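Inside the fold
Listed below are the residues making up each chain.
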Amino acid sequence: MFEHVTAYAGDPILGLMDKFANDPRTDIKVNLGVGVYYTEDGKLPVLECVKAAEAIIANPPRPRGYLPMDGLPGYRKACQDLLFGKNSAVVAEGRVATIATLGGSGALKVGADFIHQWFPTAKCYVSNPTWGNHISIFEGAGMEVGKYPYYDPATIGVKFDELCEFFKTLNENDVVLLHPCCHNPTGVDLTREQWDVLLQIVKDQKLIPFMDIAYQGFGEDMDGDAYAIRRAVEMGLPVFVSNSFSKNLSLYGERVGGLSVVSPTKEESDKVHGQLKFTVRRIYSSPPAHGNAVVDIVMNDDKLFTQWVGEVYEMRDRIREMRQKLQDVLSAKLPERDFSYFTKQQGMFSFTGLTAEQVVRLRDEFAVYMVENGRMCIAGLNNANVEYVANAMAEVLK
Ligand code: PMP
């Protein structure tokens, strides 16, 4: 019956986590694989603003009816405020259709299904490299996926000229998946000047920008990290935005994200909104209630919102501190090499420049786990392990 079903190779990052869990070297092992923020104590945080919201939800206990297909109105407004800015003109004009989704992944899936249905010949282009699931999700929706030049190992920067030239070869309505901030996996972002140039090409070529923002607040700040999105809107582009609250609310398992589509007119936007709801209806019907309620409460209460932003910036600043420490120890150990890229990169991830061989040595000899492409999750570092990790890296780099 199922003989023809092929084996699933497993997800490389989640597979690595199993290996880590089974590693008996409990006194020294360090997990820098999965993209999760850990505190200085190595714990997954429960944010204070989330605790406050959950206290409200629990007292009195709320009935758990179905949510609307597109989620709670306050949740959708929260996504719009964060992405497009409070009092944004495009939102006031009724040109943004926003739905709550099952995490950022759910937003990508609903967006990809929608695009494939209404633009059946459109291809999707992702950065080389990108988060692996981008490719799986768009291919899973039936789209052909290609890669655009992005990371340059020679400079640990962006191949910007090649990237621009490549975009000029794409066809009308091709989708370009962009990371507005904290690029996963490299940590290497475009400057504002580069965004301005690239988005003009997107406009000239009539491409569809799909902005995937999973780390808002971890790069520059809440508004700065949304620069590319707001610039694209200002330029009059149609835009898809998938956002995730997994990291910045530390609500990974609650599956909280959103999809927003910016249309040229309100009429189009209303139709798009309806079709997004239908897309949700036929995949999973409606989003989860708890995460929707938490986001709604935190984001629409001035005090909790301010507290939340402060908590995100604490996470951001701790990551920056770890980047600096890693850079300092490595620079002292190997003064002939330039490690300044650690503090130039943004967000939870860093492309360390380590080869697959060096990554395997780190794991086997030092119990330091990172993804084989050399991606390190900086948020797994803390004052207790950063020197150990830096010294181990220096050993394998010698
Ligand atoms: N986009 C990017 C770039 C990501 O890194 C992630 C999470 N690893 C997601 C989307 C998906 O986020 P979620 O866990 O909310 O589905």
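Residues numbered from 1 in each chain as written. Predicted model: local features only at pLDDT ≥ 70, side-chain atom pairs only at ≥ 80, totals over all residues. Heavy atoms only, no water.

In plain terms, the rule: UniProt positions are given in the numbering used here, feature names are shortened, and annotations may be inferred rather than shown by experiment.
Per an unreviewed UniProt entry, the protein goes by the name Aminotransferase and belongs to Moraxella pluranimalium. UniProt annotates the protein under Cofactor (unreviewed entry) with the comment "pyridoxal 5'-phosphate". Quoted verbatim from the Sequence similarities (unreviewed entry) field of UniProt, the annotation for the protein is "Belongs to the class-I pyridoxal-phosphate-dependent aminotransferase family."

**Quick word on the pattern of salt bridges**
Which entries qualify depends on this criterion: Take a side-chain nitrogen of Lys or Arg and a carboxyl oxygen of Asp or Glu: if they are within 4 Å of each other, that pair is a salt bridge. Numbering of helices and strands runs from the N terminus; a helix is a DSSP stretch of H or I covering at least four residues, while a strand is a stretch of E covering at least two. The buried label applies to any residue whose accessible area, calculated with a 1.4 Å probe on protein chains only, is under 20% of its type's maximum; exposed applies above 50%, and partly exposed to all values in between.
Taken as a whole and assessed by the stated rule, the structure comprises 20 salt bridges. The salt bridge involving lysine 325 is made with glutamate 321; its shortest N-O contact spans 3.4 Å. A residue pair is termed a helical-turn pair when its members lie 3 or 4 positions apart in one helix, as lysine 325 and glutamate 321 do in helix 12 (residues 302–333) at 4 residues. Among the salt bridges present, the one from lysine 398 reaches glutamate 395, with a minimum N-O distance of 2.9 Å. On the accessibility criterion, lysine 398 (67% relative accessible area) is exposed.

**Comments concerning the site of the ligand**
Selection rule: By convention in this text, a residue qualifies as near a molecule or strand provided that one of its non-hydrogen atoms is within 4 Å of it. Any pair of nitrogen or oxygen atoms within 3.5 Å is treated as a polar contact; in protein, a donor-acceptor pairing is required on top of that, and neighbouring residues in sequence qualify only through side-chain atoms on both sides. Shrake-Rupley sampling with a 1.4 Å probe provides the accessible areas, and residues are treated as covered by the protein chains on show and by no other component. The nonpolar class holds Ala, Val, Leu, Ile, Met, Phe, Trp, Tyr, Cys and Pro. Asp, Glu, Lys and Arg form the charged class, and all remaining residues, Gly among them, are polar.
The immediate surroundings of the ligand are formed by 13 residues, with Ser105, Asn184, Asp212, Tyr215 and Ser246 found nearest. A distance of 2.7 Å is found between an oxygen atom of the ligand and a side-chain nitrogen or oxygen belonging to asparagine 184. Within the side chain of aspartate 212, one N or O atom sits 2.5 Å away from a nitrogen atom of the ligand. Out of a free accessible area of 400 Å², the ligand has 91% covered by protein chains. Looking at the shell around the ligand, the element that brings in the most residues is helix 5 (residues 103–118), giving 3 residues. When its residues are assigned to classes, the shell around the ligand shows 3 nonpolar, 7 polar and 3 charged.

**Re the pairing of strand 10 (residues 256–262)**
In the case of a regular strand, side chains alternate between the two sheet surfaces. Quick reminder of the rule: Should DSSP find at least two bridges between two strands, the strands are taken to pair.
Strand 10 sits mainly inside the fold: 7 of its 7 residues count as buried. Neither face of strand 10 is open: one carries Val256, Gly258, Ser260 and Val262, the other Gly257, Leu259 and Val261, and all of them are buried. Two elements, strand 2 (residues 96–102) and strand 10, share 7 bridges in a ladder whose sense is antiparallel. Across the sheet, the residue bridging to alanine 97 is valine 261, located in strand 10.

**Comments concerning empty space enclosed by the protein**
For clarity, the threshold we go by: Residues are said to line a cavity or pocket when one of their atoms sits within 4 Å of a point; the points come from a 1 Å grid over protein atoms alone, cavities being sets where a 1.4 Å probe fits but cannot get out and pockets being open sets with protein on both sides within 12 Å along at least five of seven lines. Grid points are joined across faces, edges and corners, and a volume is the space filled by probe spheres set on the points.
Following the criterion strictly, the structure yields 1 cavity of 30 Å³ or more and no others. Lining the largest cavity are Tyr148, Tyr150, Leu163, Leu178, His179, His183, Leu190, Trp195 and Leu198.

**Quick notes on a nonpolar patch on the surface**
Selection rule: Patch members must show over 30% relative accessible area and no salt bridge, and they are joined within 9 Å when carrying like charges or within 5 Å when they are nonpolar side chains of Val, Leu, Ile, Met, Phe, Trp or Tyr.
On the surface, a cluster of nonpolar side chains totalling about 390 Å² of accessible area is made up of Met1, Phe2 and Val5. With respect to the helices, strands and loops of the structure, phenylalanine 2 is situated in the segment before helix 1 (12–22).

**So, the sheet that holds strand 2**
How we decide: Every axis in this analysis is a line fitted to C-alpha atoms, fitted for helices over the stretch in contact. Angles between the N-to-C directions lie between 0 and 180 degrees. Contact criterion: two residues are considered in contact whenever any of their non-hydrogen atoms come within 4.5 Å of each other.
Strand order in the open sheet made by the 7 strands is 2-10-9-8-7-3-4, with mixed pairing throughout. A single partner strand is all that each edge strand has here, and the edge strands are strand 2 and strand 4 (145–149). Recorded for the sheet is a direction-independent mean angle of 25° between the axes of neighbouring strands. Note that strand 7 (residues 175–178) and strand 8 (residues 208–213) share 4 bridges and pair parallel. The residue of strand 8 that forms the bridge with leucine 178 is methionine 211. Across the sheet, helix 5 is in contact with strand 2, strand 7, strand 8, strand 9 (239–244) and strand 10; its angle to strand 9 comes to roughly 155°.

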